[in-house]
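Letter by letter, the chains look like this.
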Amino acid sequence: MKHIAYSFLIPGFIFLVGCKSSTSPQPQTYTASPTSIGTGTATSWVAVDASGNMTAIGVTVSDAALASLPAMDTMFEIAMPPGLTTIPFKTVSLDYATSDAAPYNKPHLDAHFYLLDMMHRMNIMNGMDTMMPMGMMLPDGYMRMGESQAMMGVHYIDMNGPEYSGHPFQSAFVYGFSMGSMTFMEAMCDKAILTSHTALSGT
């Protein structure tokens, strides 16, 4: 069965897979127990280098899950690989939106990689949040969109994305903040692109 993967690579690292006859630590990928979605599954994974530093994180969504998504907006909490206490991400959710504000007004999937556990996510409320991101510089073109959303925070979206210059939305990368602190990194993707197995990449 073919699978579609949401993933992003942490800058500065390259993940290599090889076979060596050695007892020294090797890069490896940790995979969580699959989470049921409709008649299929979504599975999170984390790749680390030989020193145990994270090099990539992602969610793999099966074709069966894509084909059996509900008719309404739904959020799925995705299990994380156990025992990875040194990585910055604590929880993962996969959100299915049947529509949204333009230019994202068609069915799409959003994989949120949270730097918070569920208890802290639940403390984030809807409403005004005027604090700017602290301790980091966002890439050029990113602007805040709307107010804080419950359990998420304020979304910062790349206004240089192709979907803001007359092209159809395919994928986007989003940052989330609450009271100036980063809460998540998000990979968004058009459902039709995933279903067609179209390869995408970005920076």
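Residues numbered from 1 in each chain as written. Predicted model: local features only at pLDDT ≥ 70, side-chain atom pairs only at ≥ 80, totals over all residues. Heavy atoms only, no water.

Some thoughts on the packing of aromatic side chains
Here the distance between the centres and the angle between the planes together describe a pair of aromatic rings.
In step 1: One pass over the structure, following the stated rule, counts seven aromatic pairs.
In step 2: Taking 6.2 Å as the distance between ring centres and 75° as the angle between the ring planes, the aromatic pair formed by Tyr104 and Tyr164 counts as edge-to-face. Taken together, the residues Tyr104 in the loop between β7 (91-97) and β8 (108-114) and Tyr164 in the loop between β10 (153-158) and β11 (171-178) connect sequence positions 60 residues apart.
In step 3: Residue classification places Tyr104 among the buried positions, given a relative accessible area of 5%.
In step 4: Members of the aromatic cluster, joined through ring pairs, are Tyr104, Tyr164 and Phe169.
In step 5: Across from the ring centre of Tyr114, 3.8 Å away, lies the NZ or CZ of Arg121, which sits over that ring. (Phe/Tyr/Trp six-rings, centres within 6.5 Å; stacked < 30°, edge-to-face > 60°. Helix = DSSP H or I, 4+ residues; strand = E, 2+ residues; numbered from the N terminus. Buried < 20%, exposed > 50% of the residue type's maximum accessible area, 1.4 Å probe, protein only. Lys NZ or Arg CZ within 6 Å of the ring centre and 35° of its normal.)

Overview of the sheet that holds β11
Sheets are built from strands that pair by backbone hydrogen bonding, the pairs being arranged parallel or antiparallel.
In step 1: If you trace the seven strands from one edge of the open sheet to the other, you get β6-β7-β8-β12-β11-β10-β9, paired in antiparallel fashion. Two strands bound the open sheet, and with one partner strand each, they are β6 (74-78) and β9 (142-149). This sheet shows a mean twist of 25° between the axes of neighbouring strands, independent of strand direction.
In step 2: When β6 meets β7, the two strands line up antiparallel, connected through five bridges. Bridge pairing in β7 links Glu77 to Ser93. (Pairing = 2+ DSSP bridges. Axes fitted to C-alpha atoms, helices over the stretch in contact; angles between N-to-C directions.)

Some thoughts on the nonpolar core
Most often, soluble globular proteins have nonpolar side chains that are buried together.
In step 1: Counting residues in each nonpolar core, the largest one holds 34 residues, and the members touching the most others are Ile37, Leu94 and Tyr175.
In step 2: Considering every element that reaches this core, the biggest residue donor is strand β5 (residues 54-62), with four residues.
In step 3: Counting residues in each nonpolar core, the second largest holds nine residues, with Tyr104, Tyr114, Ile157 and Phe169 among its members. (Core = buried A, V, L, I, M, F, W, Y, C linked by side-chain atoms within 4.5 Å.)

Brief notes about unusual backbone geometry
In step 1: The amide bond that connects Ala102 to the next residue, Pro103, takes the cis arrangement and shows omega of 10°.
In step 2: On the secondary structure map, Pro103 appears in the loop between β7 and β8.
In step 3: Of note, Met151 is a non-glycine position whose phi angle comes to about 65°, a positive value.
In step 4: With respect to the helices, strands and loops of the structure, Met151 is situated in the loop between β9 and β10.
In step 5: In the Ramachandran plot, His197 falls in the positive-phi region, its phi being about 60° despite a non-glycine side chain.
In step 6: As for its position among the elements, His197 is in the segment after α3 (191-195).

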